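What follows is the residue order along each chain.
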Amino acid sequence: MSEPPFTIEPLGQHDRAGFSCGSAPLDHFFERQVSQDIRRRITACYVAVCNVSNQIAGFYTLSAAQISVTQLLDCFKKNFPRYPSVPTIRIGRLAIDMKFQGQGLGSTLLINAIYRSIRADIAAYAVIVDAKNEGAIAFYRHHGFLDLNAQERTLFAPLAQFAKAFSFVPAVGIAG
């Protein structure tokens, strides 16, 4: 069995200077802001490192969030206790360096983020994302995400819909 082409690990002392995903706000965040957000415990960041070149090929961030129960589609409101909100995990940013786009790495990082969310010690009902454009909306819908009632570009996926799939996957590329 050959070594996977990428290792997914928490952002550490990696060289971020050459990363370019084609979105100036995402590139700026990753180069200049993410470390501060990690230190402030606002977000956690994970990177896909190419095992051949040692370059960062992509990244995603996770943070705690919540959504109002009233924002959920009616079919998901059944059987909830009378809490005003539901705990979720936000995938705040997900980006792939232009040199590595088109290889399925975005899907791999999304699966890794969902896997980490399911395995987290703190309970969460769903994963939510704020899609930046129509392409991102299509990407997340392709992976089973649904529109959140009240917010135009926010999508969600109940973690229970993924949990069975991960019961047979030992590590999904998680290093360390």
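Heads up: the structure comes first, above all this text.
So, here's what we can say about the structure. Throughout this description, residue numbers start from 1 for each chain and increase along the sequence as written. Totals for whole chains, interfaces and linings use every residue, but because this is a predicted model, local features are given only for residues with pLDDT of at least 70 and side-chain atom pairs only at 80 or more, for both listing and counting. Think of the side-chain values as coming from all heavy atoms in the structure, minus any hydrogens and water.

## Side note on the overall build of the protein
Then comes step 1: The helix and strand labels rest on DSSP assignments: H or I over at least four residues marks a helix, E over at least two residues marks a strand, and numbering proceeds from the N terminus. Summing up its helical and strand segments, the protein has 5 helices and 7 strands in all.
Then comes step 2: Listing the helices and strands of the protein from first to last along the sequence gives β-α-β-β-α-β-α-β-α-β-β-α.
Then comes step 3: Our radius of gyration looks at C-alpha atoms and nothing else; its globule reference is 2.2 Å times the residue count to the power 0.38. For 176 residues, the compact-globule formula gives about 16 Å, and the C-alpha radius of gyration of the protein, at 16 Å, lands near that figure.
Then comes step 4: Based on the C-alpha atoms only, the size of the protein along its principal axes is roughly 50 × 40 × 30 Å.
Then comes step 5: By definition in these notes, contact holds between two residues if any of their heavy atoms fall within 4.5 Å. Residue pairs at least 24 apart in sequence account for 67% of intrachain contacts in the protein once pairs closer than 6 positions are excluded.
Then comes step 6: The Shrake-Rupley method, run with a 1.4 Å probe, gives the accessible areas here. Residue values count only the displayed protein chains as cover. Total accessible area computed for the protein in this model is approximately 10,100 Å², and 53% of it derives from carbon and sulfur atoms.
Then comes step 7: For the protein, the distance from the average site of its 17 positive side-chain charges to the average site of its 13 negative ones is 7 Å. Residues counted as positive are Lys and Arg, residues counted as negative are Asp and Glu, and His and the chain ends are not counted. Working definition for charges: the position is that of NZ of Lys, CZ of Arg, CG of Asp or CD of Glu.

## Thoughts on the pattern of salt bridges
Then comes step 1: By salt bridge we mean one thing: a side-chain nitrogen of Lys or Arg within 4 Å of a carboxyl oxygen of Asp or Glu. Evaluation of the coordinates by the stated rule reveals 4 salt bridges.
Then comes step 2: Between Lys99 and Asp97 there is a salt bridge whose closest N-O contact spans 3.4 Å.
Then comes step 3: For Asp97, a relative accessible area of 2% corresponds to the buried category. Throughout this description, buried means an accessible area under 20% of the type-specific maximum (1.4 Å probe, protein chains only), exposed means over 50%, and partly exposed covers the range between.

## Observations concerning the packing of aromatic side chains
Given two aromatic rings, one states the distance between the centres and the angle between the planes to describe the pair.
Then comes step 1: Only rings of Phe, Tyr and Trp enter the pairing, Trp through its six-membered ring, and a pair is recorded when the two centres are within 6.5 Å. The plane angle decides the type: under 30 degrees is stacked, over 60 is edge-to-face, the rest tilted. Per the stated rule, a full pass over the model turns up 9 aromatic pairs.
Then comes step 2: Arranged with centres 5.8 Å apart and planes meeting at 75 degrees, the rings of Phe6 and Phe100 form a pair that is edge-to-face. With Phe6 in strand 1 (residues 6-10) and Phe100 in the loop between strand 4 (85-96) and helix 3 (105-119), this residue pair connects regions lying 94 residues apart in the sequence. Comparing Phe6 with Phe100 shows no difference in burial state: the two are buried.
Then comes step 3: Three or more aromatic residues link up through ring pairs in this structure, and these residues are Phe19, Phe29, Phe30 and Phe59.
Then comes step 4: To sit over a ring, a charge needs its Lys NZ or Arg CZ within 6 Å of the ring centre and within 35 degrees of the ring normal. One residue, Arg93, lies across the ring of Phe29, its end atom 3.7 Å from the ring centre.

## Let's talk about the sheet that holds strand 2 (residues 44-50)
Then comes step 1: Spatially, 1-2-3-4-5-7-6 is the arrangement adopted by the 7 strands of the open sheet, whose pairing is mixed. Bordering the open sheet on either side are strand 1 and strand 6 (146-147), each of which pairs with just one other strand.
Then comes step 2: Sheet topology note: the strand 6/strand 7 (residues 154-158) ladder contains 2 bridges and is antiparallel. Directly across from Asp147, in strand 7, lies its bridge partner Leu155.
Then comes step 3: Packed onto the sheet, helix 1 (residues 24-39) meets strand 2, strand 3 (56-68) and strand 4 and runs at close to 60 degrees relative to strand 3.
Then comes step 4: Strands in contact with helix 4 (residues 134-142) are strand 4, strand 5 (126-130), strand 6 and strand 7; relative to strand 7, the strand with the most contacts, it is inclined by about 10 degrees. When DSSP locates at least two bridges between a pair of strands, those strands are taken to pair. Between N-to-C directions, angles cover 0 to 180 degrees, with each direction set by a line fitted to C-alpha atoms, over the stretch in contact for helices.

## Focus on unusual backbone geometry
What you tend to see is this: most non-glycine residues have negative phi, and most peptide bonds are trans.
Then comes step 1: The phi torsion at Arg41 lies on the positive side, around 60 degrees, for a residue other than glycine.
Then comes step 2: Here Arg41 lies in the loop between helix 1 and strand 2.
Then comes step 3: Positive phi, close to 65 degrees, is recorded for Asn54, a residue that is not glycine.
Then comes step 4: Tracing the sequence through the fold places Asn54 in the loop between strand 2 and strand 3.
Then comes step 5: The exposure class of Asn54 is exposed, given its relative accessible area of 62%.

## Some details on the pairing of strand 7
Then comes step 1: With 5 of 5 residues buried, strand 7 is to be regarded as a mostly interior element.
Then comes step 2: Burial along strand 7 is two-sided: the face carrying Thr154, Phe156 and Pro158 and the face carrying Leu155 and Ala157 are both buried.
Then comes step 3: Sheet analysis places strand 5 next to strand 7, joined by 5 bridges and oriented antiparallel. Note on strand 7: the bridge partner recorded for Asp130 is Thr154.

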